[in-house]
Structures are given as C-alpha cells and as structure tokens.
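Structural features, examined
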Amino acid sequence: MNLSPELQPVLLELATADRRNAHPAAVAPEQKELDALLGERERLASAAAAAQMAVDDMELEILRIQEDERKLKKRELDDKRQLSAETDPDRRRDLEHDRYAAKSRIADLLYELKEAHNEIAALRNNRDNHGARLDEADRKVAAARRAVEALPEKKAVDTDSLRAQLPADVLAVYEDVGAASFNGRTCNSCFLQLPAAERAEVMAVPADELPTCPNCGALLVRVEAA
C-alpha cells in the first residue's frame, strides 16, 4: 500500500484518534476523588440537617414546657389570691385542690425542663460536630474541584480533516484493518513483538509504502524506537 512518508504521520494520528474515541480514557483520578468527596459531603449534609432538626425540635419542646410552666404558675398564683378572699368551704376546697394540682404539675415540668436542657446540650454538641465535619468536607471538595479544573484540557482531534488528507484507497484498507506505529520491534496494534525475520521484512519495505503486521494485518507506520 503506497503512501508518501509525509502523509504516514497523518494516518498514524488518525488511527490514534479513532482508538481514543472508541475506547475513552478512564476517568482521571482527580475526578474520581472529587466524585467520592461529593458523595461523602451529601451524606454529611444529610446527617447535619438531621442533627439541626433534632436541636430545633428540642428547642420547641423547651419553649412549650416553659410556656406551660408560666401558665401554671399564673394559675397557682390566681388560686392563692382567690383563697385569701374566699370564705365558702366548698369553693376553698376546690381552689386548694386546683392549686395543689398546679404546683404538682409545675414540679413535673421543672424535672422535664432539666432533662430537656441536658438533652439539648448533647444534641447541640452532636450538631456542632456534624457541622465541623461538613465544613471540612467543603474544604476538601473545594480543593478537589480546583485539582480537576487544573487538569489539561483534552483537545478533540478533527478526524474528518485527517481523512480528507489521505488517499481513498489507503482509507479503504485502513477502515478494514486499522493502522498502528511500529518501533522496529513491536506492532502497537496487536502489541506483539515480531520475530527478527519478520521485523526485518517490515523494515525492508520502501519508505513510501506501508507494510502490514504479519500477525494482525494492521497497516504499520514505522517510527524511530524510543
């Protein structure tokens, strides 16, 4: 297959681009790290939100207890005032009973309030711990995002332009068998090192012709060994 030495690098570039398009490179480690951190941050954000909600609920419970205590204290004080002026025995008995019930309930509420304050202290500590972990996750995500943004941009190769530079007969064979570089030892299509005799045959083909790999049949573009 005839192809001038000037166009052989074009064929090799086309083959390389087609292989890259057919088998995209694996996701960069930096992107994998960012994806993992984003997933972890989402989990931490959910836990932090739940911790904050628990604090909010307990704060509302404390406000409810305090409001109930305030109302009962007012009720107990009203009963006391009425008792100072009440002379009817039945009415006094009812007021004494109501005052006792109010004072008893106030005592219960004070115990509940003490327990609620102890619990909210633990809940706030848990919320703060989750917040600190979320802040740290945000810092890690920001650093990982900068690392991804710093990755070199992969430029798309215009394969149509490359094809337009190559003869139709070469393209027809290329589309059938492919092409790869040959460094004097190894075919980079099948990645096999050729025996000495076959290597010699490939290298003996004139410079303006494309040899083929004896193993896989790919067109070979000879390059200098690194």
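See the structure printed just above.
Residues numbered from 1 in each chain as written. Predicted model: local features only at pLDDT ≥ 70, side-chain atom pairs only at ≥ 80, totals over all residues. Heavy atoms only, no water.

Digging into helix 5 (residues 168–177)
Turning to helix 5, its buried residues are Val-170, Leu-171 and Tyr-174. Viewed end-on, helix 5 has its buried residues packed into an arc of 95°, placing them on one side of the element. In helix 5, the exposed positions angled more than 90 degrees off the buried face are occupied by Ala-168 and Asp-176. As for helix 5, its buried residues are in contact with helix 1 (8–22), helix 4 (159–164), strand 1 (179–182) and strand 2 (219–222). Positive backbone phi, approximately 85°, marks Gly-178, located one or two places after helix 5. (Buried < 20%, exposed > 50% of the residue type's maximum accessible area, 1.4 Å probe, protein only. Helix = DSSP H or I, 4+ residues; strand = E, 2+ residues; numbered from the N terminus. Arc of directions from axis to C-beta. Contact = heavy atoms within 4.5 Å.)

Remarks on unusual backbone geometry
Outside of glycine, negative phi angles account for most residues, and trans bonds account for most peptide bonds. Phi at Phe-191 takes a positive value of approximately 60°, unusual for a residue other than glycine. Judged by its relative accessible area of 57%, Phe-191 falls in the exposed class.

Brief notes about the environment of Glu-136
Relative to the assigned elements, Glu-136 resides in helix 3 (residues 89–149). It is 9.2 Å that separates the C-alpha atoms of Glu-136 and Arg-41, two residues lying 95 residues apart in sequence.

Examining the pairing of strand 1
Across four bridges, the pairing between strand 1 and strand 2 is parallel. Residue pairing for strand 2: Phe-182 is matched across the bridge by Arg-222. The β-α-β motif built from strand 1, the intervening helix 6 (residues 196–204) and the parallel element strand 2 has right-handed crossover chirality. (Pairing = 2+ DSSP bridges. Right-handed = clockwise from strand over helix to strand, strands pointing away.)

A short note on the packing of helix 2 (residues 29–85) against helix 3
Between two packed helices, both the angle of their axes relative to each other and the distance between the axes serve to describe the pair. Running from amino to carboxyl end, helix 2 crosses helix 3 at an angle of 165°, the nearest separation of the two axes being 6 Å. Of the possible angle classes, the one that applies to helix 2 and helix 3 is roughly antiparallel. Taken as a pair, helix 2 and helix 3 cross one another with a handedness that is left-handed. The residue makeup of the contact of helix 2 with helix 3, split by class, is 31 nonpolar, seven polar and 27 charged. (Axes fitted to C-alpha atoms, helices over the stretch in contact; angles between N-to-C directions. Parallel < 35°, antiparallel > 145°, perpendicular 65-115°, else oblique. Left-handed = near helix turned anticlockwise from the far one by under 90°. Nonpolar A, V, L, I, M, F, W, Y, C, P; charged D, E, K, R; others polar.)

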